[in-house]
Amino acid sequence: MTDVDNGVLHTLFHSDQGGHEQVVLCQDRASGLKAVIAIHNTALGPALGGTRFYPYASEEDAVADALNLARGMSYKNAMAGLDHGGGKAVIIGDPERDKTEELLLAYGRFVASLGGRYVTACDVGTYVADMDVVARECRWTTGRSPENGGAGDSSVLTAFGVFQGMRASAQHLWGDASLRGRRVGIAGVGKVGHHLVEHLRDEGAEVVITDVRAESVLRILDKHPTGVSAVTDTEALIRVEGLDIYAPCALGGALNDDTVPVLTAKVVCGAANNQLEHPGVEKDLADRGILYAPDYVVNAGGVIQVADELHGFDFDRCKAKAAKIFDTTLAIFARAKEDGIPPAAAADRIAEQRMHEAAAARGR
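Trainee: I'm lost on the packing of aromatic side chains in this one. Help?
Mentor: A ring pair, where both rings are aromatic, is described by two values, the distance of the centres and the angle of the planes. The tally for this structure, following the rule as stated, stands at 3 aromatic pairs. Ring centres of Tyr75 and Tyr296 lie 5.8 Å apart, and the angle between their planes is 65°; on these two criteria the pair is classed as edge-to-face. Here Tyr296 lies in helix α11 (residues 295-298) and Tyr75 lies in helix α2 (residues 59-79), a separation of 221 residues in the sequence. Aromatic pair Phe313 and Phe315: ring centres 6.4 Å apart, planes at 70°, arrangement edge-to-face. With a relative accessible area of 34%, Phe315 lands in the partly exposed category. Over the ring of Tyr127 we find Lys191; its NZ or CZ atom is 4.6 Å from the centre of that ring. Directly above the ring of Phe160 sits Lys319, whose terminal nitrogen or CZ lies 5.0 Å from the centroid.

Spelled out as structure tokens, the structure:
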């Protein structure tokens, strides 16, 4: 067994970041599928989380990402008030090159084999059309198209929830929830980020954007010739003078030992999962006087939407639930102040309390 294998197993069985109930390694050689399904906690109900399709550098990296993302979903679902535990799946490969109908069908069969312990949806590299294919083999699939009985694109309410988190952050820090005149930097204007731009421009905020895909940036600039500008990359974005809010909306690890010391924004509130690269970053942010809105709290609009799909989707009902992210974020800031801890730690305490109470009620 390699040192890397030992590292993954140590995380799973011995570290505070582990404690997962089940991890499934999936392989279908005929279609080329290699996937990992991680179920972290089902105290609140069946695990719910998306499927990420990504060209990981190694299988060990894929397992580690699945473990981290599944754990994050337990906390996200708990804070969103959902009767679901946390789970996540990753498919190893380049979605532009490796994604096929046969591969998605094979993946659907693996999810179905869990008998409802894990409910899947979209994530980075997967889309509504993909979930329609997966659903042909697995009834525990959400994020499907309206034509196939689903809720459609969950990024709409994800962006709306992040916007509510920004408003709550502004209320807490500046005493006014309005973002009019605020300068907001968005790293990643893809599925979620481009919707977030719309909310901010409607509010009268100035927006600065960047994305690794030039076409994504050009699409935004073409639509908004004024009020939106672009910088070359995230390194430039976090150093923009006069930035009020920084919104990481791409992959995780955006807040780390290199970025936090040079960040000009007073608030971090974005859609990306696992923004804190390692424990302790939340304290670094607090020490610099930067208010951090916990990622899994403010980006929960999407999971609220896909969870609702399981019970007969109603957009207005979902949007009303997602609007409550404003109040939840304010409550976290209040708890953080009361306990003398960073907001990320306060959110964890609230989520862990809900999971603990649910487990106790079930005699677990």
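Trainee: Is there a simple way to explain a nonpolar patch on the surface in this structure?
Mentor: Together, Tyr54, Val124 and Leu251 make up a nonpolar patch on the protein surface, roughly 200 Å² of accessible area in all. Mapped onto the elements, Val124 comes out in the loop between β5 (118-122) and α5 (128-135).

Trainee: Mind showing me how you'd approach unusual backbone geometry here?
Mentor: Leave glycine aside and you will find that most residues have negative phi; peptide bonds, for their part, are mostly trans. Its identity is not glycine, yet Asn274 carries a phi of approximately 50°, on the positive side. Locating Asn274 in the fold gives a position in the loop between β10 (267-268) and α10 (281-287). For Asn274, a relative accessible area of 27% corresponds to the partly exposed category.

Trainee: I keep staring at the nonpolar core and nothing clicks. Help me out?
Mentor: For soluble globular proteins, the rule of thumb is that nonpolar side chains tend to be buried together. By size, the foremost hydrophobic cluster in this structure holds 63 residues, and its most contacted members are Tyr107, Met166, Ile186, Leu196 and Leu200. If you tally residues by element for this core, the top one is helix α4 (residues 101-112), at 6 residues. Beyond its immediate stretch of four places on either side in the chain, Leu200 contacts Phe163, Met166, Leu179, Val184, Ile186, Ala205 and Val207. Core analysis: the second largest hydrophobic core is formed by 18 residues, Ala187, Ile238, Leu255 and Ile290 among them.

Definitions and limits used
Residues numbered from 1 in each chain as written. Predicted model: local features only at pLDDT ≥ 70, side-chain atom pairs only at ≥ 80, totals over all residues. Heavy atoms only, no water. Phe/Tyr/Trp six-rings, centres within 6.5 Å; stacked < 30°, edge-to-face > 60°. Helix = DSSP H or I, 4+ residues; strand = E, 2+ residues; numbered from the N terminus. Buried < 20%, exposed > 50% of the residue type's maximum accessible area, 1.4 Å probe, protein only. Lys NZ or Arg CZ within 6 Å of the ring centre and 35° of its normal. Patch = residues over 30% accessible without salt bridge, like charges linked within 9 Å, V, L, I, M, F, W, Y side chains within 5 Å. Areas by Shrake-Rupley, 256 points an atom, 1.4 Å probe, with all protein chains shown as cover. Salt bridge = Lys/Arg side-chain N within 4 Å of Asp/Glu carboxyl O. Core = buried A, V, L, I, M, F, W, Y, C linked by side-chain atoms within 4.5 Å. Contact = heavy atoms within 4.5 Å.

That is the geometry; function is a separate question.
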